[in-house]
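A look at the structure
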Amino acid sequence: MKQDQYDALAWAIFLATGPAENVRSVAHCMTRLRLHLDHPAPDLSAKLQAINGVLGTNQSGDELQIILGPGRAAEVADRYAKLAGKAAGNVMETVESGLQGEPYPSASPEGKPSSTRPAIGDGKALHAKIRAKNATPVKLFFRRIASIFIPLIPGFIACGLISGLLNIAGKADPLLVGTGVYQLLVVAGNCVFWGMNLFVGWNAAKEFGGTPIIGGALGALLSHPGLAGVTLGSYPLVPGRGGVISVLLVAGLAAFLERRIRRIVPEILSLFLVPLLTFLLAGCGAILILQPLGGFVSDCIGHGATAAIGQGGALTGFVLGGTFLPMVMLGIHQTLTPIHAELLNQYGVTILLPVLAMAGAGQVGASFAVWWRTKNEHLKKTVASALPVGILGVGEPLIYGVTLPLGKPFIGACIGGAFGGAVQAAFMVGAATMGISGLPLAAATDHIGVYLIGLLTAYITGFIATCLIGFDDPEN
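Summary of the structure given here. (Residues numbered from 1 in each chain as written. Predicted model: local features only at pLDDT ≥ 70, side-chain atom pairs only at ≥ 80, totals over all residues. Heavy atoms only, no water.)

Digging into the overall build of the protein chain
What counts is decided by this rule: Working definition: helices are DSSP H or I runs of at least four residues, strands are E runs of at least two. Numbering for both runs from the N terminus. In what follows, residue pairs with any heavy atoms lying within 4.5 Å of each other are defined as contacts.
Per the secondary structure count, the protein chain includes 18 helices and seven strands. Partitioning the intrachain contacts of the protein chain with sequence separation of at least 6 by distance along the chain shows that 75% fall at a separation of at least 24.

Some thoughts on the pairing of strand 4 (residues 63–67)
How we decide: Note on classification: 1.4 Å probe, protein chains only; a residue is buried when its accessible area is under 20% of the maximum for its type, exposed when over 50%, partly exposed between these limits. A strand pair is defined by DSSP finding two or more bridges across the two strands.
Most of strand 4 is tucked away, with five of its five residues classed as buried. On strand 4, burial covers both faces: E63, Q65 and I67 on one face and L64 and I66 on the other are all buried. Here strand 2 (residues 32–37) pairs with strand 4 via five bridges, running antiparallel. Counted as the bridge partner of R34 is Q65 from strand 4.

Things to note about the nonpolar core
Where we set the bar: Buried residues of nine kinds, namely Ala, Val, Leu, Ile, Met, Phe, Trp, Tyr and Cys, make up a nonpolar core once their side-chain atoms join them within 4.5 Å.
I148, F149, F156, V200, L441 and Y451 are the most contacted members of the largest nonpolar core, which has 65 residues in total. At ten residues, the largest contribution of residues to this core is made by helix 11 (residues 243–264). Once residues lying within four places of it in the same chain are set aside, the contact partners of L441 are L353, P354, A357, A431, T433, I436 and Y451. Counting residues in hydrophobic clusters, the runner-up holds 24 residues, among them Y6, L9, V26 and A73.

Points about the environment of R144
Checked against the element boundaries, R144 lands in helix 5 (residues 137–149). A sequence separation of 63 residues divides R144 from E207, and the C-alpha atoms of the two residues are 7.2 Å apart.

Things to note about the environment of V297
For V297, the location among the structural elements is in helix 12 (residues 270–330). V297 sits in the partly exposed class, given a relative accessible area of 30%. Distance from V297 to I245, taken between C-alpha atoms, is 7.3 Å for residues 52 residues apart in sequence.

Here we look at the environment of G242
Considering the arrangement of structural elements, one finds G242 in the loop between strand 7 (235–236) and helix 11. Between the C-alpha atom of G242 and that of Q346, which follows or precedes it by 104 residues, the distance is 9.2 Å. Those residues in contact with G242 that sit more than four places away from it in its chain are G294, G295, S298 and E342.

Right under this line is the structure:
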């Protein structure tokens, strides 16, 4: 899409949703323009879906989500915000293994919703039921933990891809390794990992209801290189011990202490005493208790993940790759986000992400089988419009628009993910990032050739499994 087309699309949406006084807030995620309107028109959804370039709409509570697609959403949101006189927020979506968390209405290649395809309504309704069922306290807690890391994903993507591309360039021409530009880019590729504890501390404190800068400062305390020269009794301190696990624990403690200290400190002294006491008390608790505890948990996570894949090999990868889609349906995939982050913190790569990414690749194969076998023209167009972004790692159009509503192709996708995951685990492929999936993840892996073989394996087996299982083809 050209720049003037973005302008025209933003203007058309504004005409349907405006005037500016009607728009409370403007935000965007990877694929959607998200609006809060004071007085939405009764036929607003129909008006929006008639606009060329709008793939569909979704109402989540009082938030109107206008589906535009990757890349387009950010461009249109910036232009729309200027028209509405608002600042455009960025609501980052989690993209684990090419799966998103909201339903994505299907669309034809011309950009119009395929409203006559019967399966899409079923997919949205089914997803709504799944989300309601998954709203348990434990799952909501893990979702909050995951939300701490979601804002870091762009940094992981940028730095991870830099590191991956440098790895390729260094192997292709070893003379590059000694150049200043190469070494500078090595530092750039390590930036997000070097500052991870600070970022996690800031976000965690904010998520838990504390002051973000206090959480960031405590993260800096736990990773400060000066700790290496400090010995308490006979116990030498270790900078960064426990990684993000320790930071999560101390940020939660700090938020807890801050709320209670604020209640007992006189208001006139709160500006000085609340941050001081919060930092000192939480810092002492972190150094004496939480960092050693976090170190133990961190070691268990690192050793457990590497042992499971190292000793279980292809079998472990088969199970993980094959069950990841059901994990998403059950809402328990959120628990993996801090594990990815901790593996990146310890080893510089996560060996889980390439395995789990195969679930999205299995969906590509299964969806291609649906396109190959279906006689329903609307369904065929839906798959054709969603496959390109599925290959790029954005899998929600396929899961909620194709495989899940049809049922049996979802099983075929799981089978494809299982075989692809077996390949990744057998060779212990690692990824120096998180938040991306599909074909783009190849550049951030430490074994690009093997990753691509696993990706093709997932495509092919997902396709074959779906062809063998079959599905009930909806009528035109």
